[in-house]
Each structure stands twice: as structure tokens, then as C-alpha cells.
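Summary of the model geometry
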Amino acid sequence: MIKVIKVKDYEEASDKAFEVMKPFLVPGKVLGLATGSTPLGLYARMVKDHEENGTSYKDICSFNLDEYAGLPIEHPESYYSFMHRNLFDKIDIREENAHVPSGLGEDLEGQAKKYDAMIDACPVDIQLLGIGSDGHIAFNEPGTPFDSGTHVTDLAESTIKDNCRFFDNDISKVPTQAVTQGIGTIMKAKNILLIATGANKAQAVKDMIEGPVDVACPASILQKHENVTVIVDEAAASLLK
Ligand code: F6R
């Protein structure tokens, strides 16, 4: 079931997301984390809470959704770098507990299977998601089977265009493949928190919540999950009935 929370704008969405996240910021919890513009406000609030209230991540474990294939981890746009810059380096999570899938190596599919096995051993308590303008979650583009595990995937043309802004607006610099948790992996999380803001997400939000459950909109599978909270701002909610 999807519980929809409508807020005014990005700042309010980030405040609300922090409120939903807060009960999970306790020892022993496993967080599923995302990259992109959407979670930045939430991560800033988590950092502030760590600094001001001493909330500790020493006994919290995390699994990120995805990573570009072939991008060195020290590249500023690798998701490894993104997570360190925006969250991990500013809180006290242990490096060995903060998992980001690897996009480097000879056997990406084999590594992806090991990533799923690690998640199965430490089930995610709350998975944070953004949504792509084409309805993707993580890098599960339209057409991805709902039962997929972590895998290597080609990025859709629209996603490459959307992400161009992070690569000097030069489409030739955007990686074309990624390693991503599958939809089946994401659906195993006990709770899911998806944040969508901005008018370019409005159609995807409508398809996710009001459309049929269909691989054409990967996020529509969330209708079948027991415990999903979707936080939408006015612009992203503008097409909802
Ligand atoms: C990021 C991820 C992607 C993004 C989505 C939205 O780890 O898995 O699915 O959540 O592309 O990106 P933003 O937040 O930049 O609009």
C-alpha cells in the first residue's frame, strides 16, 4: 500500500523525509540509500542531527542502490564519492558498514550476486528511493522484470540526458551502464520511502500511484509493497487525481 504525503516544496519534503527516517537511525538498523539530487536535503538533515544531537551511525549499516559501471570510485560523480561527500564522511558510519555496489572489476554480474547475498543476510529496514522522469527506481529502467536481482544494466537515453548535468553537460562523458539493485531486491526492504519533487516527476508519480502495475513504469510495482511512503511536493503531485 502506498501512503502519499503531500508537501509544499523540496525543503518541506526533506523535513518530512527526515521525520520518517528518524526512528530508523538507531543501532542495529539497516538503511537502503540513494544518490541523485532528491536525497540531498534529507542527508543534510541527517548530518545536522548527528552533529547537534549526537545520533550515532556506528552500529548502523547501509546499502546503496547503484553505481555507474566503469567509473573510477575517486571520480567526483561516482556514487561512492557522492555518498562520502554528502553523508558518510560527515557522520560516524564505519566504512565497512557503508556498502556501495562496485562498478569496477572483471565479473560485475558475479559481484552483483554477492551484493544481493549480503542484503539477504542483513535485510534493509528502510529503503530510500528517488524516481526517474521515466519512472525508474534505482537504475531499473522501463521494461526491467519486477523479480530482478542486482544486475548490470544499460541506462535509458532519457536517464543519460537527465544525468548530463553532473558531467559538464557533455553527454559523451555520461556512463552508459550501471550496476543496480534489482526491483526484486528493492521490494525485499521492510519499508520504502520515496521522495519526488519537481514538475519533471509529475507524470512518473501519476503512473506510479494511479497507473497499472506494469514494467513500463518500474515504480508502479510499489503498489504491491506492504509499506511504502511517498512524499511529493506540489509540482510532482500536480497530475494526481
Ligand atoms: C539514485 C537512483 C536514481 C535516482 C533517480 C532520480 O541512486 O537510483 O533512481 O533516484 O534517477 O534522480 P534525482 O534525484 O537526481 O532526480
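Located above this text is the structure these notes cover.
Residues numbered from 1 in each chain as written. Predicted model: local features only at pLDDT ≥ 70, side-chain atom pairs only at ≥ 80, totals over all residues. Heavy atoms only, no water.

1. Digging into the environment of V4
Mapped onto the secondary structure, V4 falls in strand β1 (residues 2–6). By relative accessible area, which is 33% here, V4 ends up partly exposed. When the C-alpha positions of V4 and T35 are compared, they lie 22 Å apart, and in sequence the two are 31 residues distant. (Helix = DSSP H or I, 4+ residues; strand = E, 2+ residues; numbered from the N terminus. Buried < 20%, exposed > 50% of the residue type's maximum accessible area, 1.4 Å probe, protein only.)

2. Looking at the nonpolar core
L129, I137, L194, M208 and L222 are the most contacted members of the largest nonpolar core, which totals 32 residues. Residues within four places of I137 in sequence aside, it is in contact with L129, G130, I186, L194, P218, A219, I221 and L222. (Core = buried A, V, L, I, M, F, W, Y, C linked by side-chain atoms within 4.5 Å. Contact = heavy atoms within 4.5 Å.)

3. What to know about helix α3 (residues 79–86)
Burial analysis of α3 places six of its eight residues in the buried class, which makes it a mostly covered element. For α3, every residue scored as buried is listed here: Y79, S81, F82, M83, H84 and N86. Against β2 (30–33), α2 (40–53), β3 (61–64), β4 (66–68) and α5 (157–163) lie the buried residues of α3.

4. Looking at the layout of surface pockets
Computed from the structure, the largest pocket encloses a volume of approximately 460 Å³. Taken together, 26 residues line the largest pocket, and the ones lying closest to its centre are T35, G36, I131, H136 and K201. In terms of residue count, α5 provides more of the lining of the largest pocket than any other element does, three residues in total. A per-class count over the lining of the largest pocket returns 10 nonpolar, 12 polar and four charged. (1 Å grid on protein atoms, 1.4 Å probe; cavity = no way out; pocket = protein on both sides within 12 Å on 5 of 7 lines; lining within 4 Å. Points joined across faces, edges and corners; volume = space filled by probe spheres on them. Nonpolar A, V, L, I, M, F, W, Y, C, P; charged D, E, K, R; others polar.)

5. Re the environment of E12
Considering the arrangement of structural elements, one finds E12 in helix α1 (residues 10–21). With relative accessibility at 37%, the residue E12 sits in the partly exposed group. Sequence separation between E12 and V230 is 218 residues, and the spatial gap between their C-alpha atoms is 13 Å.

6. A short note on the sheet that holds strand β10 (residues 228–232)
One open sheet accounts for seven strands, arranged β1-β10-β9-β6-β2-β3-β5; its pairing is parallel. A strand with exactly one partner marks an edge of an open sheet, and here the two such strands are β1 and β5 (98–99). As defined by bridge partners, β1 adjoins β10 across five bridges and the pair is classed as parallel. Bridging across to β10, V4 finds its partner in V230. (Pairing = 2+ DSSP bridges.)

7. Here's the deal with the site of the ligand
What surrounds the ligand is a group of 13 residues, the closest being T38, D66, H136, A138 and K201. Between the ligand and the protein, one listed contact pairs an oxygen atom with a backbone N or O atom of S37 at 2.9 Å. The separation between an oxygen atom of the ligand and a polar side-chain atom of R165 is 3.2 Å. Surface burial for the ligand is 92%, taken as the share of its 400 Å² of free accessible area covered by protein chains. Using a 2 Å cut-off from the grid points, one finds that the ligand occupies the largest pocket. When grouped by side-chain class, the residues that make up the shell around the ligand number four nonpolar, six polar and three charged. (Near = heavy atom within 4 Å. Polar contact = N/O pair within 3.5 Å; in protein donor to acceptor, adjacent residues only side chain to side chain. Areas by Shrake-Rupley, 256 points an atom, 1.4 Å probe, with all protein chains shown as cover. Sits in = over half its atoms within 2 Å of the grid points.)

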